Each structure stands twice: as C-alpha cells, then as structure tokens.
Amino acid sequence: MSLRRAALLATGAMLASAGVAEARPLRVMSLDQCGDQYALALAPDATLALSPRADDPDSWLRAEAWGHRRIRPTLEAALTFRPDVVVRYWGGEPRLLAALEARGVRVVTIADAQTMDGIRGNIRSVAEPLGENDRGRMLIDAMDARLAEARPRSPVRRSALYLTAGGFTAGKGTLIDAILTAAGYINLTIAPGFAPVSVERVALSPPSRFVLGFFDQIRADWRGPGRHPVVRKAADGRVAGRLPAAALTCPAWFAANAAAMLKAGS
C-alpha cells in the first residue's frame, strides 16, 4: 500500500470517528425530581441520568422514568456520567454547580414560577439548551389546551380554600393561586405566600368549598391539621377537587392539568 493511500485511509478513519462522536446522543443529568420531569418531557431521546426520586409516587412522569439510570447529585457521579447539560430546580449544592460549569457543562435552573406564563418561560429556557425548541413549543401548546379545558364557561366565579394535609394554604403570588384562578375559583386566602390554617378557623368559619392538596400521600402529615376530624367533617360534601402531590411538586406544565382536574370536579 502506498504512503498516500495509507494517509487517505487514516484521514477517513479519523473523520468517521469524529462523525460518530458528534452523532452521539446528548447526555442530560437531572439533579432533582423537578429536573427529572423536564428532562423526560423535553429530551426523551437523550442519554438521561435522573435523580433517585424520579419514579416516586409524587413524580408526574414516574412511568416514563422506568429504564433510565438514576444517580445521586454529586460531583463524583457527574464526572462519571459526563453530562453535556444539567437540569435542576433546587438540587445541587453551589460547589457542585460551580465545578460543573468550570468543566464546560451547561447548568439550567428551573425558575420558581408563580404564574402560567412563568411556566411557559421555564419550558423555553430548558428546551433551548437541550436543542428541543420544537418539542418545547408542543409542550406549551398542550399546556394551553389544558388551560382552555379548565376555563369556566360561566362568568360566575366560586370561592374555595386550598388546604394541604399538613394544614397549610396558599395565597397570592403562588402557583396554587394561579391554578385556582385558571379553573375559575376565587382564592379565599388573600394574604400572599403560604400560611398555616388553624382547625379552629375551619370549625368557626368553614368555607363553602375546599381544594385539597397532597392528601394522596397517606404517610405524609398523617397527623396534620388538614386530617383533623373537625376539618374532615367541615369538608364533607364541600370538596371541589383533590390535587395529587405529583401535580404540585414542580412549577411545570402539569399545573394546567391540576386546573383541569378542578374543572372536572366542579
């Protein structure tokens, strides 16, 4: 074989090898359960490394998590997996995030959205670095379709008190308030943020309707104020909807599903 032919073959092999490297699937690591949802929805064809909680009962896409690897959110695990993009909501301590970025890894943080438009922004901000803008637009379209389903036809709005098994409610400036509004309810909690609700308040002035959240987690807050017999009696026949934990643990598109659940239960 001539030297020229050998050189051409070697060059071709190098180019072929480079082509294989470029064609490898994107490697995406999630540092928490909320990141899992976004990674599964927006990058299902990527090589995924999900958090240990990806298939927990309060994970919206727990069925889709089956078959994907799970790794702990540590630098050692990240260096072994070698992600191109890391998606997180609250997971990952600052030193881990700094170390990843120093190695050229794109770290995408999901914002603590309090409105449906904030969720749309989250979808776009995660879809872009994953190279999945089209899939992101489709997810937003599906979310908007669910919101349209949840929108009440009657102009008359009813009031409701949101209550968790742990005895907390949510007021203005929370995603819960946005969900109630999308389903046509007036939130009885006026104060902003999250606050406890006393059993005495419910007993003395029971609301006309309750929206219950996180009550499907049987082992969670099983002695919480929300499960008190007095509260249970006050809520009897007045529950407008029961929102599962999986629909509430992450500022994501399935908040629209939660609003549609309230519409269906009205």
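Just so it is clear, the model here is predicted, and its values are computed rather than measured.

## Some remarks on the overall build of the protein
At step 1: Helix and strand counts for the protein come out as ten helices and eleven strands.
At step 2: The C-alpha radius of gyration computed for the protein amounts to 23 Å, which surpasses the reference 18 Å derived for 266 residues by more than 25%, pointing to a less compact arrangement than a globule.
At step 3: A principal-axis box enclosing the C-alpha atoms of the protein has dimensions of 95 × 40 × 30 Å.
At step 4: Classification of the 266 residues of the protein by burial places 45% in the buried group.
At step 5: A separation threshold of at least 6 residues defines the contact pool for the protein, and within that pool the share at least 24 residues apart is 64%.
At step 6: Taken as a whole, the protein presents about 14100 Å² of accessible surface, with 57% of it coming from carbon and sulfur.
At step 7: Computing the positive centroid from 34 side-chain charges and the negative centroid from 25, the protein places the two 4 Å apart.

## Notes on the pairing of strand 11 (residues 239-243)
At step 1: Taken together, the four bridges between strand 10 (residues 210-213) and strand 11 define a ladder with parallel strand orientation. For Leu212, the partnering residue across the bridge sits in strand 11 and is Arg242.
At step 2: In this fold, strand 10 hands off to helix 9 (residues 229-235), which returns the chain to strand 11; that crossover is right-handed.

## Comments concerning the side chain of Thr174
At step 1: Here Thr174 shows up in the loop between strand 7 (168-170) and helix 7 (175-182).
At step 2: Take Thr174: its relative accessible area is 4%, and that puts it in the buried class.
At step 3: A distance of 2.7 Å separates the side chain of Thr174 from the backbone oxygen of Gly171, its partner in a polar contact.
At step 4: In this structure, Thr174 is in contact with Gln114, Gly193 and Phe194, ignoring residues within four places of it in sequence.

## Side note on the confidence of the model for the protein
At step 1: With 90% of its residues at a pLDDT of 70 or more, the protein shows a mean pLDDT of 90.
At step 2: This model gives residues 6-21 a pLDDT under 50, and the stretch forms two contacts once residues within four places in sequence are excluded.

## Re the state of the cysteines
At step 1: Evaluated as defined, the whole model comprises one disulfide.
At step 2: Sulfur-sulfur distance for the disulfide between Cys34 and Cys250 comes to 1.9 Å. An S-S torsion of about 50 degrees defines the bridge between Cys34 and Cys250 as right-handed. With Cys34 in helix 2 (residues 33-42) and Cys250 in the loop between strand 11 and helix 10 (255-265), this residue pair connects regions lying 216 residues apart in the sequence.
At step 3: What makes Cys250 buried here is its relative accessible area of 3%.

## Observations regarding the side chain of Asp32
At step 1: Mapped onto the elements of the fold, Asp32 is located in the loop between strand 1 (27-30) and helix 2.
At step 2: Within the buried set, Asp32 has no salt-bridge partner at all; the shortest N-O distance to an opposite charge, 5.4 Å, is to Arg88.
At step 3: At a separation of 3.2 Å, a polar atom in the side chain of Asp32 contacts the main-chain amide nitrogen of Cys34.
At step 4: A distance of 2.6 Å separates a polar atom in the side chain of Asp32 from the backbone nitrogen of Gly91.

## Topic: the packing of helix 5 (residues 116-127) against helix 6 (residues 133-150)
At step 1: Between helix 5 and helix 6, the shortest axis-to-axis distance is 8 Å and the interhelical angle comes to 160 degrees. If you check the angle between helix 5 and helix 6, you find them roughly antiparallel. Crossing geometry of helix 5 relative to helix 6 is assigned as right-handed. Side by side, helix 5 and helix 6 meet where Met116, Ile119, Arg120, Ile123, Arg124 and Ala127 of the first sit next to Asn133, Gly136, Leu139, Ile140, Met143, Asp144 and Leu147 of the second.
At step 2: In terms of residue class, the contact of helix 5 with helix 6 is built from eight nonpolar, two polar and three charged.

## So, helix 5
At step 1: Look at helix 5: 17 Å from first C-alpha to last across twelve residues, which is about the 16 Å you get at 1.5 Å a residue.
At step 2: For helix 5, the set of buried residues is Met116, Ile119, Arg120, Asn122, Ile123, Val126 and Ala127. Down the axis, helix 5 shows its buried residues gathered within 155 degrees of arc, on one side only.

Reading the values: rules and limits
- Residues numbered from 1 in each chain as written.
- Predicted model: local features only at pLDDT ≥ 70, side-chain atom pairs only at ≥ 80, totals over all residues.
- Heavy atoms only, no water.
- Helix = DSSP H or I, 4+ residues; strand = E, 2+ residues; numbered from the N terminus.
- Rg over C-alpha atoms; globule rule 2.2 N^0.38 Å.
- Buried < 20%, exposed > 50% of the residue type's maximum accessible area, 1.4 Å probe, protein only.
- Contact = heavy atoms within 4.5 Å.
- Areas by Shrake-Rupley, 256 points an atom, 1.4 Å probe, with all protein chains shown as cover.
- Lys, Arg positive; Asp, Glu negative; His and termini not counted.
- Charge placed at Lys NZ, Arg CZ, Asp CG, Glu CD.
- Pairing = 2+ DSSP bridges.
- Right-handed = clockwise from strand over helix to strand, strands pointing away.
- Polar contact = N/O pair within 3.5 Å; in protein donor to acceptor, adjacent residues only side chain to side chain.
- pLDDT = per-residue confidence, 0-100.
- Disulfide = S-S within 2.5 Å.
- Salt bridge = Lys/Arg side-chain N within 4 Å of Asp/Glu carboxyl O.
- Axes fitted to C-alpha atoms, helices over the stretch in contact; angles between N-to-C directions.
- Parallel < 35°, antiparallel > 145°, perpendicular 65-115°, else oblique.
- Left-handed = near helix turned anticlockwise from the far one by under 90°.
- Nonpolar A, V, L, I, M, F, W, Y, C, P; charged D, E, K, R; others polar.
- Expected span 1.5 Å × (residues − 1).
- Arc of directions from axis to C-beta.

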